[in-house]
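Residue strings, one per chain:
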Amino acid sequence: INAKLVQYFYDDSGKKRLRHSVRQPYNMEKGVYKYGDFENSISFYMNDSITLKNEFRYSHEFKRFSKIQSSAQWDDSGYSFKIDHTIIHENLQPKNSYLMASFDANLGKYYNLFARVNYNIEEHFTNMWEFGVKVLRKCWDYSLVYKEVITPKLTSAGSDSVSEKGFYIMFNLYPIGSIEYEHTLEEIR
């Protein structure tokens, strides 16, 4: 069972300025902790271009925040830039902290360039980055993406990392779904 409340606040001109939502799941299954994570989300729309957002999940079972995410997003004239800071501390896993940035640019009506990077603050390394182009059609689109995912690895000689580099071709058919092809190369540094 989920209890959810969403509030919207508008200014005198009718523009949405604030969105607030809370959600509390209740599990009725045996053997599962009865209260799911409490979720809270607040979005502040400063103007037509800038949005600030904060959301968190609180674990009743572990008596701590399981996720806290703050973001700032700028959208203007077909360009978008977003930066997120996320702290995740789920179940019995160690705490992780990430800084993510993304950039999108619409080039005309049918083309979109994008780039994303993800930095692991706890481990002090960039663990993912990608860039690509998306081509939009009436009821389908396709994306060409180059992506690298880096995973740290402890060895007897010290620390090492495994890098997966690859080109992706993704097709998305709106009424049906998506198809993805991946060609990756794994390299130990």
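Before any of the text, the structure's been laid out above.
Every chain begins its residue count from 1, and numbering advances along the sequence as written. For a predicted model such as this one, the threshold for reporting local features is a pLDDT of at least 70, and the threshold for listing and counting side-chain atom pairs is 80 or more; totals across whole chains, interfaces and linings nevertheless cover every residue. Think of the side-chain values as coming from all heavy atoms in the structure, minus any hydrogens and water.

Enquirer: Hey, could you run me through the packing of aromatic side chains in this one?
Expert: Any pair of aromatic rings gets described here by the distance separating the centres and the angle formed by the planes. Whether two aromatic rings pair depends on their centres lying within 6.5 Å, for rings of Phe, Tyr and Trp, where Trp uses its six-membered ring; planes under 30 degrees apart make the pair stacked, over 60 edge-to-face, and the rest tilted. Throughout the structure, instances matching the rule amount to 11 aromatic pairs. Relative to Y35, the ring of Y26 has its centre 5.6 Å away and its plane inclined at 70°; by these criteria the two rings are edge-to-face. Taken together, the aromatic side chains of F38, F56, Y58 and F65 make up a single cluster linked through ring pairs. Here R137 stacks its cationic end above the ring of Y110, 5.6 Å away from the centre of that ring. In our convention, an over-ring charge means Lys NZ or Arg CZ found within 6 Å of a ring centre and within 35 degrees of that ring's normal. Across from the ring centre of Y168, 5.9 Å away, lies the NZ or CZ of K147, which sits over that ring.

Enquirer: Looking at this structure, how should I read the side chain of S66?
Expert: Put simply, DSSP H or I for four residues or longer makes a helix, DSSP E for two residues or longer makes a strand, and each gets a number counted from the N terminus. Inspection of the secondary structure assignment puts S66 in strand β5 (residues 64–76). Residues count as neighbours in contact if any of their non-hydrogen atoms are within 4.5 Å of one another. Beyond its immediate sequence surroundings of up to four residues, S66 is in contact with D37, R57, Y58, S59, I87, I88, H89 and E90.

Enquirer: What's the story with a nonpolar patch on the surface in this structure? I'm lost.
Expert: Candidate patch residues must exceed 30% relative accessible area and have no salt bridge, after which like charges are joined if within 9 Å and Val, Leu, Ile, Met, Phe, Trp or Tyr side chains if within 5 Å. Per-residue and other accessible areas were derived by the Shrake-Rupley procedure at a 1.4 Å probe size, with only the shown protein chains allowed to occlude residues. The rule for a salt bridge is simple: a side-chain nitrogen of Lys or Arg has to be within 4 Å of a carboxyl oxygen of Asp or Glu. Among the surface-exposed residues, W74, Y79, F81, I83, L99, F103 and Y119 lie close enough to one another that they form a single nonpolar patch of about 600 Å² accessible area. Counting residues per element, the ones that place at least two in the nonpolar patch are β6 (79–88) and β7 (96–107). If one sorts the elements of the nonpolar patch by residue count, β6 sits on top with three residues. If you trace the backbone, Y119 turns up in strand β8 (residues 111–120).

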